[in-house]
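Chains, contacts and geometry: an overview
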Amino acid sequence: MLTLKIHHIGYLVKKINAAIQSFEILGYRILQETIYDDIRKVDICFMEKDGYCIELVSPVSEDSVVYGLLKKYKNSPYHICYETKDFEADYRFLTANGFIAIDEPTPAPALQNRNVAFLTSPSMGMIELLVSSPS
Ligand code: NI
């Protein structure tokens, strides 16, 4: 049984401050100010509206992991992140059921250094798995 719970929707943006302003016009508020992720070479800002959390992701250099994606997709949502209580089991279940690992689990500086991993399904695109916070 999967333990997944939706955590955020990841949104690629070219200019993070301009994107924040646009989301503020829509009524979103900043949950966590912009943080630089030096592993992925991206700026990240979390915002919230109506209980929904979005993650704005903006590459800061051409060697960023999402630089190519932004070129291809422009400003757009590109993943849903699921928090998991049992990372190992859920990861194994998904890869046994058609999801393909894109990277190794790696700490996310913008999420208390919790491990995240990206997977893709040929029929619905990319998801992110996030180790749930200890509580
Ligand atoms: Ni994300």
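Our structure's up above, just so we're on the same page.
First, a word on scope: everything that follows refers to the structure included in this document. (Residues numbered from 1 in each chain as written. Predicted model: local features only at pLDDT ≥ 70, side-chain atom pairs only at ≥ 80, totals over all residues. Heavy atoms only, no water.)

1. Comments concerning the coordination of the nickel ion
Heads up, the rule is: Think of the donor list as every N, O and S atom within 2.8 Å of the metal, or within 3.2 Å for Na, K and Ca; water never makes the list, so a site can look incomplete. Helix numbers and strand numbers start at the N terminus; a helix is a DSSP run of H or I with at least 4 residues, a strand a run of E with at least 2. Buried, partly exposed and exposed residues are distinguished by accessible area as a fraction of the type maximum, computed with a 1.4 Å probe on protein chains only: under 20%, between the cut-offs, and over 50%, respectively.
For the nickel ion, the protein coordination sphere consists of His-8 (NE2), Glu-55 (OE), His-79 (NE2) and Glu-128 (OE), at 2.0 to 2.1 Å. Read from N- to C-terminus, the donor residues coordinating the nickel ion fall into the pattern H-x46-E-x23-H-x48-E. Taken as a pair, His-8 in strand β1 (residues 5-12) and Glu-55 in strand β4 (residues 52-59) lie far apart in primary sequence, 47 residues in all. Taken as a pair, His-8 and Glu-55 share a single burial class, namely buried.

2. Looking at the side chain of Ser-121
We apply this condition: Residue contacts follow a heavy-atom distance rule, with two residues in contact if any of their heavy atoms lie within 4.5 Å.
Mapped onto the elements, Ser-121 comes out in strand β8 (residues 114-121). Looking at Ser-121, the relative accessible area reads 7%, which means it is buried. For Ser-121, the contacting residues outside a window of four places in its chain are Gly-98 and Phe-99.

3. Structural notes on unusual backbone geometry
The bulk of non-glycine residues show a negative phi, and the bulk of peptide bonds are trans. Of note in the backbone geometry, Lys-74 takes a positive phi value of approximately 60° without being a glycine. Within the secondary structure, Lys-74 sits in the loop between α2 (67-73) and β5 (76-84). Phi angles above zero are rare outside glycine, and Gln-112 is one such case at about 55°. For Gln-112, a relative accessible area of 54% translates into the label exposed.

4. With respect to the pattern of salt bridges
We count it as follows: For salt bridges, the criterion is a side-chain nitrogen of Lys or Arg within 4 Å of an Asp or Glu carboxyl oxygen.
What the rule picks out here adds up to 5 salt bridges. Salt-bridge contacts for Arg-40 lead to Asp-37; the nearest nitrogen and oxygen are separated by 2.6 Å.

5. A closer look at the pairing of strand β9 (residues 125-131)
Our working rule: Should DSSP find at least two bridges between two strands, the strands are taken to pair.
Sheet topology note: the β5/β9 ladder contains 5 bridges and is parallel. In the sheet register, Cys-81 faces β9, and the bridge partner there is Glu-128. Sheet analysis places β8 next to β9, joined by 6 bridges and oriented antiparallel. Across the sheet, residue Phe-118 finds its bridge partner in β9, namely Glu-128. Hairpin connection between β8 and β9: a loop of 3 residues separates the two successive antiparallel strands.

6. Concerning helix α3 (residues 87-96)
Under the convention used in this document: Arc definition: directions from the helix axis to the C-beta atoms.
When we look at burial in α3, the residues that qualify are Phe-87, Asp-90, Tyr-91 and Leu-94. Viewed end-on, α3 has its buried residues packed into an arc of 100°, placing them on one side of the element. Across from the buried face of α3, at angles greater than 90 degrees, the exposed residues are Glu-88, Arg-92 and Ala-96. Structurally, α3 contributes buried residues whose contacts are with β5, β6 (100-101), β8 and β9. Following α3 by one or two positions, Gly-98 adopts a phi angle in the positive range, close to 95°.

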